[in-house]
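Residue-level listing of the chains:
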Amino acid sequence: GDSVTQMEGPVTLSEEACLTINCTYTATGYPSLFWYVQYPGEGLQLLLKATKADDKGSNKGFEATYRKETTSFHLEKGSVQVSDSAVYFCALSDHRGSQGNLIFGKGTKLSVKP
Amino acid sequence: KAGVTQTPRYLIKTRGQQVTLSCSPISGHRSVSWYQQTPGQGLQFLFEYFSETQRNKGNFPGRFSGRQFSNSRSEMNVSTLELGDSALYLCASSSNMNTEAFFGQGTRLTVV
């Protein structure tokens, strides 16, 4: 079945460092891809999404490009802030963009030190 | 605009009991999904409802069930609780099946 694999954490960075969180997927069709973020004590928030190959999702300085040839959707940010400390989840949906039936990776905890 | 509201926020139950969790979606949203989050298995899809109809179901035993009411509020029920059912249960709502899903803060269930 469909699945998502993302790099294990935790990841600890200094403020203003570059961030890459790797995410690869396995899917039989043409899934939509998402990054969600979970701040301590809160629910998940959609960070960005891409619905077809070569699409680039971006939000709050974060970017991810849908790479069909490498089945990847890596999350990047050029300069992280302490406020970016959270758990990041890569996810896919195989139901024509529906976000009601998401398959998630295990999550990567990011800690940013001042 | 109020967000997704899940009640209760915390719950402690004894093995063998049953539990009902509630989710009130954002006003106007007709799609509600449920997920189980555990440290070992991560986030796993339970079921999705749209306009009172179950549209999709995850790979969970029949002890897990849900329903959606005409006002889009949803409940999930777990019967004959097991220790392994201890988890954070998250609900998400969206206006239809192809738009952004907004998550609630979850219900933390502990089975002792």
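Above this text is the structure in question.
Owing to the predicted nature of the structure, the values given are computational and were not obtained by experimental measurement.

Trainee: Looking at this structure, I do not really get the environment of B:Gly42. What am I missing?
Mentor: Assignment of secondary structure puts B:Gly42 in strand S5 (residues 42-50). Using a relative accessible area of 5% as the deciding quantity, one classes B:Gly42 as buried. For the pair B:Gly42 and B:Leu88, spaced 46 residues apart in sequence, the C-alpha separation works out to 10.0 Å. For B:Gly42, the contacting residues outside a window of four places in its chain are A:Lys106, B:Gln36 and B:Gln37.

Trainee: Could you clarify how one ought to interpret the sheet that holds strand S7 (residues 64-68) of chain B in this entry?
Mentor: For sheets, the rule is that strands pair by backbone hydrogen bonds, running either parallel or antiparallel. Residues and elements named next belong to chain B. Strand order in the open sheet formed by four strands is S1-S3-S8-S7, with antiparallel pairing between adjacent strands. Since the sheet does not close on itself, it has two edges, and those belong to strand S1 (5-7) and S7, each with one partner. Each strand of the sheet is rotated relative to its neighbour by a mean of 15 degrees, with strand direction disregarded. As judged from the five bridges shared by strand S3 (residues 19-24) and strand S8 (residues 74-78), these two strands associate in the antiparallel manner. Looking at S8, one finds that Ser22 is bridged to Glu75.

Trainee: Even after reading the chapter, I still don't get the pairing of strand S4 (residues 31-38) of chain B, so can you show me in this structure?
Mentor: Both faces of the sheet carry side chains from a regular strand, because those side chains alternate between them. Residue and element names in this part refer to chain B. Summarising burial for S4: eight of the eight residues are buried, a large majority. Neither face of S4 is left uncovered, since the one carrying Ser31, Ser33, Tyr35 and Gln37 and the one carrying Val32, Trp34, Gln36 and Thr38 both have all their residues buried. Note: S4 against S5, eight bridges, orientation antiparallel. The residue bridging Ser33 from the neighbouring strand is Glu48, located in S5. Adjacent in sequence and paired antiparallel, S4 and S5 are bridged by three residues. The pairing of S4 with strand S9 (residues 87-94) spans seven bridges and is antiparallel.

Trainee: Explain the side chain of B:Asp85 here, please?
Mentor: All names here are of chain B. Within the secondary structure layout, Asp85 lies in the loop between S8 and S9. There is a polar contact of 2.8 Å between the side chain of Asp85 and the backbone nitrogen of Glu82. Once residues lying within four places of it in the same chain are set aside, the contact partners of Asp85 are Gln36, Arg63, Phe64, Val78, Thr80, Leu109 and Val111.

Trainee: So what exactly am I meant to see when it comes to the state of the cysteines here?
Mentor: In a disulfide, the sulfur atoms of two cysteines are held together by a covalent bond. Using the criterion set out here, one finds two disulfides over all chains in the structure. Note on cysteine connectivity: A:Cys23 is disulfide-linked to A:Cys90, with sulfurs 1.9 Å apart. Taking the torsion about the sulfur-sulfur bond, which here is approximately -70 degrees, the covalent link between A:Cys23 and A:Cys90 counts as left-handed. With A:Cys23 in strand S4 (residues 23-26) and A:Cys90 in strand S10 (residues 86-93), this residue pair connects regions lying 67 residues apart in the sequence. When its relative accessible area of 1% is taken as the criterion, A:Cys23 is described as buried. A:Cys90 sits in the buried class, given a relative accessible area of 0%. Here B:Cys23 pairs with B:Cys91 through a disulfide, and the sulfurs are 1.8 Å apart. Taking the sign of the S-S torsion, about -60 degrees here, the bridge from B:Cys23 to B:Cys91 comes out left-handed. In this pair, B:Cys23 is assigned in strand S3 and B:Cys91 in strand S9, connecting sequence segments 68 residues apart. Each member of the pair, B:Cys23 as well as B:Cys91, carries the same accessibility label: buried. A:Cys23 supplies the cysteine sulfur nearest to A:Cys18, a cysteine that is in no disulfide, at a spacing of 20 Å.

About the thresholds
- Residues numbered from 1 in each chain as written.
- Chains lettered and ligands numbered in written order.
- Predicted model: local features only at pLDDT ≥ 70, side-chain atom pairs only at ≥ 80, totals over all residues.
- Heavy atoms only, no water.
- Helix = DSSP H or I, 4+ residues; strand = E, 2+ residues; numbered from the N terminus.
- Buried < 20%, exposed > 50% of the residue type's maximum accessible area, 1.4 Å probe, protein only.
- Contact = heavy atoms within 4.5 Å.
- Pairing = 2+ DSSP bridges.
- Axes fitted to C-alpha atoms, helices over the stretch in contact; angles between N-to-C directions.
- Polar contact = N/O pair within 3.5 Å; in protein donor to acceptor, adjacent residues only side chain to side chain.
- Disulfide = S-S within 2.5 Å.

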